[in-house]
Structures are given as C-alpha cells and as structure tokens.
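Notes for the structure review
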Amino acid sequence: MTTLTEGPPTPGPTAPPQPARRRERPVSKRQFHRHLLLIAMASVMFYPLAWMIGASFREDSQIADPGLWPGQFFTLDGYAQGWAGISGTPFWRFILNSLLVAGLCVIANLAACSVTAYAFARIRFRGRRVFFAIMLGTLMLPHHVILIPQYVLFRELDWLNTYLPFVVPKLLATDAFFVFLLVQFFRAIPRELDEAARIDGCGHLRIFWKVILPLSKPALATTAIFTFIYTWNDFFTPLIYLTNTELYTVPLALRSFIDATSYSAFGALFAMSVVSLLPVLGAFIAFQRLLVEGIATSGLKG
Amino acid sequence: MTTTSAPHEAVPRTPPEPTARSNKRALRENLAGYAFMTPWLLGFAFIIGGPMIVSLYLSFTDYSLLSDPEFVGVENYQRMFTGDDRFLAALEVTLTYLVVSVPLVQVFALFLATSLNKGIRGLTIYRALFYVPSLIGGSVAIAILWRSIFQGNGLLNSALGSLGIDSDFAWITTPSTALSTLILLNVWQFGAAMIIYLAGLRQVPTELYEAAMVDGAGPARRFLSITLPMLSPVILFNLLMNIVAAFQAFNTAYVVSNGTGGPADSTLFYTLYLYQRGFVDFDMGYASALGWVLLLISAVVAALLFGASRRLVFYGDES
C-alpha cells in the first residue's frame, strides 16, 4: 500500500481548473514524470510480447536472442512451418474451427442472454426475485463442480467431438455474466418507452424486439465481443471434448504443437501463437471503447 | 455500487393492485416471464443445477465411466484429507497463488488507476494499453510465451546475459520458482481491475478532496481517508471476481507444466489436479468430490469476505 502514497504531491485528482492553470509549470513537470513512469511500466509489460513477435520472424537458432528486431536472421520459415499444421491438418483449418465455434457461441449468447435479461429486467412475474438471486449465485459458482456430470451427460448424448458442448450451454443462457450485464443495461432504459409501446398495443415480444433491443446495441456489442474473445481463448472445453485433430480449435492446436515440435521448431510455435492473438487484438483495437466501458460498468452500476 | 446490492433492485417498486383486471394481467405477466425465462430455466436445470446435484451424488461413489457408479459413502472425502498428499499440495498451490497474486493485482490496479485519474493526457491510450494483457493473458499463446521467457535457455536468462549477468537458472523447472512465474503472469493482468477502479474513482465526489485539501490533508491522508473508503465497494467487487478467477486458474499451469503440475507438484493448481483425476485417471467420483470441496472453500472465502465487508465497506448514503 505504501507505493500508493509515495506518488508526487498533486493538487488532487479533481483540482478545479483555475488553480491548475495558474500553476501550469509545476503541474506539467509532474505530468512529465508521470508519463515517464507509465511509459516505463508499459514498456516492461509489453516487451515480452514484442519479443515474441520479433522472434517469430527469426531463424530458430536465434530464437532466444533478447533483441526485438530480426535483422539479418529474418525468415518466414516459422510461419510457413506453422501454417502447415499438425499431422496433415493445415493450421487454417483450426482457425476456421475456432471462428465457427466462436461465431455460434456469440449468436447463442446474444439470443439467450438478451431474452433472459428482458424477463429479469422488464417482466413482473412470480419468483423472479428468487431466480435472479440464483442467477447471481451462479456467477460465482466454480465451473468445476458441474464439470464431471456435464461431461457424462454430453458423452451420453454422443456430443464428444462435436461443438455442441460449446454452444448448447450458451444457448441456455448459462453465461450469467452476460445475463447480468444486459439486465443492468435494460434497467437503465426508461420505462416510459415500454408504456408507450404497450398503449399502442405491443406485447412483451414486440417491446423486446422493437424497443429494448434497438436501444441496447452497445451492451449487445459488448456481449458479442467478450463472448468472441472468451470462446476464442477457451482451452479447457476443447481439451475435454475434442480428440479429433480435424476439429481442434486454435488453442488446442497450439498446445499440441508443443508436443509435436522440438525446441528447434520454436519459430513455428511462436508464429502460430502470434497468429492466434491477432483476432483478439484486432477485436480489441476495433471495439476498444465498448470493451473498456463494458468492464467498467460491470462492476459499478447497481 | 457493486453487484452485491443488485438483488434488491429486482423488487418491484409498485406492486399491481389486486383487481380482477390486474389479476388477468398478472397471469399474463407470469406466463410471459416464464416464456422469456425458458432458456435460462432449462440451462439451470440441465447445465448447472442438475449437474450440481448429480456431482454431489457422484462424490460419494466410485465411478470410472466404464461401469455404473458404486456407492462408497464418504470414502472419497476421507481419502482426500487423510491419504492424499497431492490434494494437499494442490490446495496449497492454489491458496498460495491466490493469497499472493490477488492482493498484488489490487495494489498495481489501484496505483495505476489513481495515477491515471489525475487528469493525465492520453488517459484512454494508457487505459487501453494496460488492459490488453487481461484479454490475452489466459490464452495458450501467452502461456507458451511465459514458458519461453522463464525456461533455462529462455528470454529472461538471455536478457540477463546481455546485461552481463550470466544465468541459466531454469525458472519454470525449479520447484521453488515455478509458481512465482505464474503469479507474475496473473499480476501482469491487472488491467481489468484497474479499469473498474478508474470507473469507481470517477464517482468519488470532487468536493471531498477539495474539503480535505482546505483542511491541509496531504496526498497520503487523502488516499487513506477518502479514496479507500469511497472505493471500498469496488475493492470488494474486484477482490471477489479475482478470487473466483484465481480458484479456477488452469490454462497457464497446464501449458507451462505440460499438464503435469510439475516440477514436484509446485504448479499443481487445484483445477489441474481435478482435471487429472477426472480426465486422465477417470476417477470421476473422486473428481466430483474435489469439485464440491472447491465449491465449499470458495463459498467460505466469499462468506468471510462479505463478513469483513460489512464492517469495512462504506456504501455511502444508500446503506
């Protein structure tokens, strides 16, 4: 905790603009130091990542070199080798698999969580308080307590080596985090809009479809992007349910790479690791504001 | 405000008056409610609640998937606490990981959030940048990166070498340091917590700081007497979320240790052990028991946290 108090003395986070302007010089010097500190921290944090990107373009013999720029050792061999995939299955296949699973999960989560959230936020039915409390409880439930029976069930249903164990739970709104996020958002929409629609003769289905959903695009987009990223990164579900190499998603394929390749082929491993990060980083760059605000409000609106 | 207060929000503010007409409407509302809830109700029955009960039953059985579960009473639980060193090792690893990394995450997140909250230029860029690790930190790619940083001929040692410090210390294959590298990886992902703290700081009334400054309170005093109490609901929320996540950490330990939890069980996270018992040894009964013990431990920790929060968390006027 002491680190927190050692910061340079400042006029407080919310100094009124006038005194700040009057003392412009010391403030900007302090600002300079703060920028220096922040940039130093960011550099330390991102150095390994930058190193991995650089190393993925280096010859295998030079992989451990701490420099960032490949220079004379530049090669695309790692990408060529990695792209060839595992035991005859090309890497693009894993990417397609991952995109398919993630896409299906996004659609399933959007549909199921928004419908459920509408019920919690807008319909006054008996028992909704109890169900809402249960739903919040499942938010903190360790997934591992239901893992074994789920596996037994999906195995009985002959769902091993299919994508159903990924999609069906989402289709059944078990991703409580997003139900909660959408409930919070729906509640903030003025009820007068519903009332007006009701007077016009709209039922819940039309209110949900014509009033609530169009006004909830930011929350729905946040749900979609987070679901995409989580599903894309998900390692545990494919580890348990997929054994057929052709069905592997990217994380499982990467993990198999470690076994399939010796240390001499680290270039390929790095190259495909970098490839696997691109969709997440791309989604982040494109929707940075939505993601940041989605995270921020998850903990704050009440 | 945190999620903890959310259940109260579900209380209908104006209950409909009991007339014949509103009765009919109430019936319609009930029908509509359950119709809209159908996915969740099915999901709760078949994906969460049902499996929980089944897993409780399985935890009292010997079950290998090949034959029917055989009831053995409390044997699984007994074995866990009296004859299973790896269970105790797994518990210790997960608790160490949690107790060290979760507070460190809060310290970094709070420090960065308060630094960024001082009207700094480029706030959105910094905020986004520090958040990136939280998005990718759990991925296999980053686990592979972590492995190649901390192995004997990895990045850390070669970087030390170029600074003139010769080292071939194998951080991830030495029991005493392996867990620390995973703790570091968790701390690396402080960004999500930082964003939530930042949003919380925005809601602290500026008058409080102005008044404190008029009274001559220094920055340390202002932090301890204003920032911390005003942020306490957010701190509780972040602690809860990070503890839940820490209990369930799996990917990195699996990838870094090749699924073994080694060296010498030093990265045998609880979930990794559960996975091994369930999906490597096919000891499904024992794995179910492990799942229930994890649930009970998390529930106790959450209860302790809420108990402490009752005295320590300041909810402002609303409480």
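See the structure shown above.
Just so it is clear, the model here is predicted, and its values are computed rather than measured. (Residues numbered from 1 in each chain as written. Chains lettered and ligands numbered in written order. Predicted model: local features only at pLDDT ≥ 70, side-chain atom pairs only at ≥ 80, totals over all residues.)

Quick look at the overall build of chain A
What counts is decided by this rule: The helix count covers DSSP runs of H or I at least four residues long, the strand count covers runs of E at least two residues long, and both are numbered beginning at the N terminus. Once C-beta atoms are placed from the backbone, each residue is buried if 20 or more other C-beta atoms lie within 10 Å of its own, exposed if 12 or fewer, and partly exposed for counts between those two. Residues are treated as contacting if the C-beta atoms built from their backbones sit within 7 Å of each other.
Counting its regular elements, chain A contains 16 helices and 0 strands. When each of the 302 residues of chain A is scored for burial, the buried share is 42%. In chain A, the share of contacts with a sequence separation of at least 24, taken over all contacts with a separation of at least 6, comes to 70%.

Examining unusual backbone geometry
In this model, B:G262 is joined to B:P263 through a cis peptide bond whose omega is 0 degrees. As for its position among the elements, B:P263 is in the loop between helix 12 (251-256) and helix 13 (270-280). A positive phi angle, near 65 degrees, is found at A:D158, a position not held by glycine. By the element assignment, A:D158 lies in the loop between helix 7 (147-156) and helix 8 (164-171). The exposure class assigned to A:D158 is exposed, which follows from the 9 C-beta atoms found within 10 Å.

Things to note about the packing of helix 5 (residues 91-122) of chain A against helix 8 of chain A
The axes of two packed helices give the description: the angle between them and the distance between them. Residues and elements named next belong to chain A. Stated formally: Axis definition: a line fitted to C-alpha atoms, limited for helices to the stretch in contact. Angles are taken between N-to-C directions and run from 0 to 180 degrees. Small angles under 35 degrees read as roughly parallel and large ones over 145 as roughly antiparallel, with 65 to 115 read as roughly perpendicular and the rest as oblique. Whether a crossing is left-handed or right-handed is set by the direction in which the near helix is turned from the far one by less than a right angle, anticlockwise for left-handed and clockwise for right-handed. Only Asp, Glu, Lys and Arg are considered charged in this grouping, and only Ala, Val, Leu, Ile, Met, Phe, Trp, Tyr, Cys and Pro are considered nonpolar; every other residue, Gly among them, is considered polar.
It is at 7 Å that the axes of helix 5 and helix 8 come closest, and there the two elements cross at 15 degrees. Accordingly, the angle class assigned to the pair helix 5 and helix 8 is roughly parallel. In the crossing of helix 5 with helix 8, the sense of the turn from one axis to the other is right-handed. Across the interface between the two elements, V101, L104, C105, A108, N109 and A112 of helix 5 pack against F166, V167, K170 and L171 of helix 8. Considering only residue class, the contact of helix 5 with helix 8 consists of 8 nonpolar, 1 polar and 1 charged.

Observations regarding the nonpolar core
Side chains that are nonpolar tend, in soluble globular proteins, to be buried together. Going by this rule: A set of buried residues qualifies as a nonpolar core if it consists of Ala, Val, Leu, Ile, Met, Phe, Trp, Tyr and Cys joined through C-beta atoms within 7 Å. Domain extents, as shown, originate in an automatic or database domain assignment.
A:V179, A:L182, B:A109, B:M194 and B:Y197 are the most contacted members of the largest nonpolar core, which totals 167 residues. Each of domain 1 (1-41) and domain 2 (86-318) of chain B gives at least three residues to this core. Those residues in contact with B:M194 that sit more than four places away from it in its chain are B:A109, B:L112, B:A113 and B:F130.

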